[in-house]
Amino acid sequence: MSNPKPDNELTSRDLEIGCIATTPGSASVNRTGDWRSQRPEFATLRCIKCGLCALYCPEGCIVENAGGAFEANLYYCKGCGICSRECPILAVTMKEES
Ligand code: SF4
Ligand code: SF4
């Protein structure tokens, strides 16, 4: 179900039970990163563009930016930290959400 209300006006009554996708191709409407407690910070200037973080990310939310470095789409990142553990040059640091 796509929801016409802005995010700051949504209540639990506007969502499907379990936030299931009821229309094919609509899963991206649910911003599943909203409950994240930590976020990855990518040192894009140090990134060697190996793509390992994107390969291991269970959400498939790490994308290549215009410069060829990799960054997470925080609308969908759940803060699991796998990208930070797998980056061979430690270019990804997990930070507490404020
Ligand atoms: S913290 Fe987890 S979900 Fe977020 S970008 Fe890294 S691997 Fe993906
Ligand atoms: S794993 Fe690290 S070096 Fe490799 S693309 Fe991701 S951020 Fe860049």
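Residues numbered from 1 in each chain as written. Chains lettered and ligands numbered in written order. Predicted model: local features only at pLDDT ≥ 70, side-chain atom pairs only at ≥ 80, totals over all residues.

Some thoughts on the overall build of the protein
And then number 1: Each helix and strand counted, the protein has two helices and four strands in total.
And then number 2: Principal-axis analysis of the C-alpha atoms gives the protein an extent of 45 × 30 × 20 Å.
And then number 3: Put simply, the protein has 98 residues, and 15% of those count as buried.
And then number 4: In the protein, once contacts between residues fewer than 6 apart in sequence are set aside, the share between residues at least 24 apart is 61%. (Helix = DSSP H or I, 4+ residues; strand = E, 2+ residues; numbered from the N terminus. Buried ≥ 20, exposed ≤ 12 C-beta atoms within 10 Å, placed from the backbone. Contact = placed C-beta atoms within 7 Å.)

Examining the environment of R31
And then number 1: Within the secondary structure layout, R31 lies in the segment before β1 (38-42).
And then number 2: In this structure R31 comes out as partly exposed when scored by C-beta crowding, with 13 C-beta atoms within 10 Å.
And then number 3: Separated by 41 residues in the primary sequence, R31 and A72 have C-alpha atoms spaced 13 Å apart.
And then number 4: Excluding its chain neighbours within four sequence positions, the residues that come into contact with R31 are Y75 and Y76.

Topic: the nonpolar core
And then number 1: F42, C47, C53, C57, I62, F70, A72, C77, C83, C87, A91 and V92 together form the largest nonpolar core, which totals twelve residues.
And then number 2: With near-sequence residues (within four places) excluded, A72 lies in contact with P40, F42, C61, I62, C77 and C83. (Core = buried A, V, L, I, M, F, W, Y, C linked by C-beta atoms within 7 Å.)

Comments concerning the domain arrangement of the protein
And then number 1: For the protein, the domain assignment lists domain 1 (1-30) and domain 2 (33-96).
And then number 2: Placing the centre of domain 1 and that of domain 2 at their C-alpha centroids yields a distance of 25 Å. (Domains from an automatic or database assignment.)

Some remarks on unusual backbone geometry
And then number 1: Even without being glycine, K49 reaches a positive phi, approximately 65°.
And then number 2: Looking at the secondary structure, you find K49 in the loop between β1 and α1 (52-56).
And then number 3: Of the residues examined, K49 has 10 C-beta atoms within 10 Å and is grouped as exposed.
And then number 4: In this structure, L90 takes a positive phi of about 55° despite not being glycine.
And then number 5: Relative to the helices and strands, L90 is located in the loop between α2 (82-86) and β4 (92-96).

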